[in-house]
Amino acid sequence: MNTLVDDAKQHGSAVGLEVDKITINGGKPLRGRIELKGAKNLVTKAMVAAILGDTPSVLKDVPNISDVRIVRGLLEVHGVTVTEGEEPGELVLDPSGVAQAHMADIDAHAGSSRIPILFCGPLLHRLGEAFIPDLGGCRIGDRPIDYHLEVLRNFGAIVEKLPSGIRMSAPNGLKGAKVELPYPSVGATEQVLLTATLADGITELTGAAIEPEIMDLINILQKMGAIITVDTDRVIRIEGVDRLSGYRHRALFDRNEAASWAAAALATEGDIFVGGARQAEMLTFLNVFRKVGGAFDIAEDGIRFFHPGGELSSTIIETDVHPGFMTDWQQPLVIALTKAKGVSIVHETVYEQRFGFVDALVEMGAKIDVHKECLTGKPCRFGQRNFKHSAVISGPAKLTGADIEVPDLRGGFSHLIAALTAEGRSTVSNVGIIARGYENFIGKLELLGADFELEG
């Protein structure tokens, strides 16, 4: 069976979504209010951090998404007790019974997720060894785990590659290290933070990622007892401590989901209030949203995104690490750019194969060409590597309904927006993949007045 279809069904069924397809009658503006929970890119790492504590942790605003279910399963097979808390979206994580898991159990729960690699540092501290299976993830480019393995070696871990996966051990414990990242990778930065807090000595990380989700993970680790200093030049210093306790924390909101619904409001000429969204973490997105022709109102409890009428404007976007324009923001916004007058350029500098989703848009009538060159004039690390990483979008273009297959998480949500925008009926399959990062997206579409039907 098709691996992509298998992944979609696995992610969907993890959160109770038993359908594989959604048929959408497009052309209707989305209007209403939806509420956000915690950020996928923070919550899953915060759950792993609970292993480091010697008392239970409490995490609030946890979304019901399949990536959370995967991490919960992985924690449980490693002996961590995970229970529902007092309020909706609250988890209590008790690591007192942490133990080594069988490779088959890890593989069964992880599926195509790459989250097991982040278990390694905490498990090496608690148990002296760790195992991980072959790792997958969204098909949007190369996300090598070599950075992670090299980081762990720097701390003194011994890495053995086996036919069934990778075994790591630390017979002499983990020691603080100097780590320099060639690129400010979020995953590698998380690996250093989760490994260095209990390592013996001082760790200095140069070239670190400083995304809001990274800073919130640092907040959590500090609550647990870690000593972490963040400098202005992407240098993070961690002084190892002897023990960490559990934490109580309400997760940062999901700015990627907020931007996705904002793009949906703009593309469908709608009006969506995104409860829980905050201005500070979305500053760069809001600037671009306004340049394109979108409007927004900031409130204490969220942000209203709407199409104010009139033509949308073309623009030039270059994705980058924080505080730049996030790579996860460009795919949903591309749909709105197909309706903008003129020529827009999106230069992707974070993932080299993130434009696979545009093929379906072209079939629907979008005028998009993808190029190997760095078209914004600023060279990036993909410019000489033969990757199609710049998109030219000519508009306005009229989209018509089509049959679409979801390729990855953000691309999949972008396809939903395209179907909602298009004239006529569209059938979007493999929608379970969207459940990886969007809680109850079907229910939210209903709240916003979308016209659709679910199919098995």
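Located above this text is the structure these notes cover.
Residues numbered from 1 in each chain as written. Predicted model: local features only at pLDDT ≥ 70, side-chain atom pairs only at ≥ 80, totals over all residues. Heavy atoms only, no water.

(A) The arrangement of the state of the cysteines in detail. Applying the stated rule across the entire model yields zero disulfides. Distance from the sulfur of cysteine 380, which forms no disulfide, to the nearest cysteine sulfur (cysteine 374) is 3.7 Å. (Disulfide = S-S within 2.5 Å.)

(B) Region of interest: the packing of aromatic side chains. Tallied over the full model, the rule gives nine aromatic pairs. A centroid spacing of 5.5 Å and a plane angle of 65 degrees characterise the contact between phenylalanine 285 and tryptophan 329, whose relative ring orientation is edge-to-face. With a gap of 44 residues between them, phenylalanine 285 in helix α10 (residues 283-292) and tryptophan 329 in helix α11 (residues 327-337) connect regions that are remote in the sequence. Judged by its relative accessible area of 2%, tryptophan 329 is buried. One aromatic cluster in this structure is built from Phe285, Phe289, Phe305, Phe325 and Trp329. Taking NZ or CZ as reference, arginine 304 lies 3.8 Å from the ring centre of phenylalanine 306, over its face. Looking at arginine 381, its charged tip hangs above the ring of tyrosine 183, at a distance of 3.6 Å from the centre. (Phe/Tyr/Trp six-rings, centres within 6.5 Å; stacked < 30°, edge-to-face > 60°. Helix = DSSP H or I, 4+ residues; strand = E, 2+ residues; numbered from the N terminus. Buried < 20%, exposed > 50% of the residue type's maximum accessible area, 1.4 Å probe, protein only. Lys NZ or Arg CZ within 6 Å of the ring centre and 35° of its normal.)

(C) A look at the pairing of strand β3 (residues 57-60). Residues Ser57 and Leu59 point to one face of β3 and Val58 and Lys60 to the other, with burial holding for every one of them. With three bridges connecting them, β3 and strand β5 (residues 91-94) associate as antiparallel partners. Of the residues in β5, the one forming a bridge with valine 58 is valine 92. (Pairing = 2+ DSSP bridges.)

(D) View of helix α7 (residues 186-196). Across the 11 residues of α7, nine count as buried, placing the element largely inside the fold. Listed in full, the buried residues belonging to α7 are Ala188, Thr189, Glu190, Gln191, Val192, Leu193, Leu194, Thr195 and Ala196.

(E) Summary view of the side chain of threonine 427. On the secondary structure map, threonine 427 appears in strand β23 (residues 425-429). A distance of 3.3 Å separates a polar atom in the side chain of threonine 427 from a polar atom in the side chain of threonine 23. Beyond its immediate sequence surroundings of up to four residues, threonine 427 is in contact with Lys21, Ile22, Thr23, Ala402, Asp403, Ile404 and Glu455. (Polar contact = N/O pair within 3.5 Å; in protein donor to acceptor, adjacent residues only side chain to side chain. Contact = heavy atoms within 4.5 Å.)

(F) Fine view of the nonpolar core. Core analysis: the largest hydrophobic core is formed by 76 residues, its most contacted members being Trp261, Met282, Phe285, Phe305 and Leu361. Residue contributions to this core peak at nine residues, all from helix α9 (residues 255-267). Discounting residues that sit within four places of it in the chain, methionine 282 has contacts with Phe253, Arg255, Ala258, Ala259, Ala277, Ile303 and Phe305. (Core = buried A, V, L, I, M, F, W, Y, C linked by side-chain atoms within 4.5 Å.)

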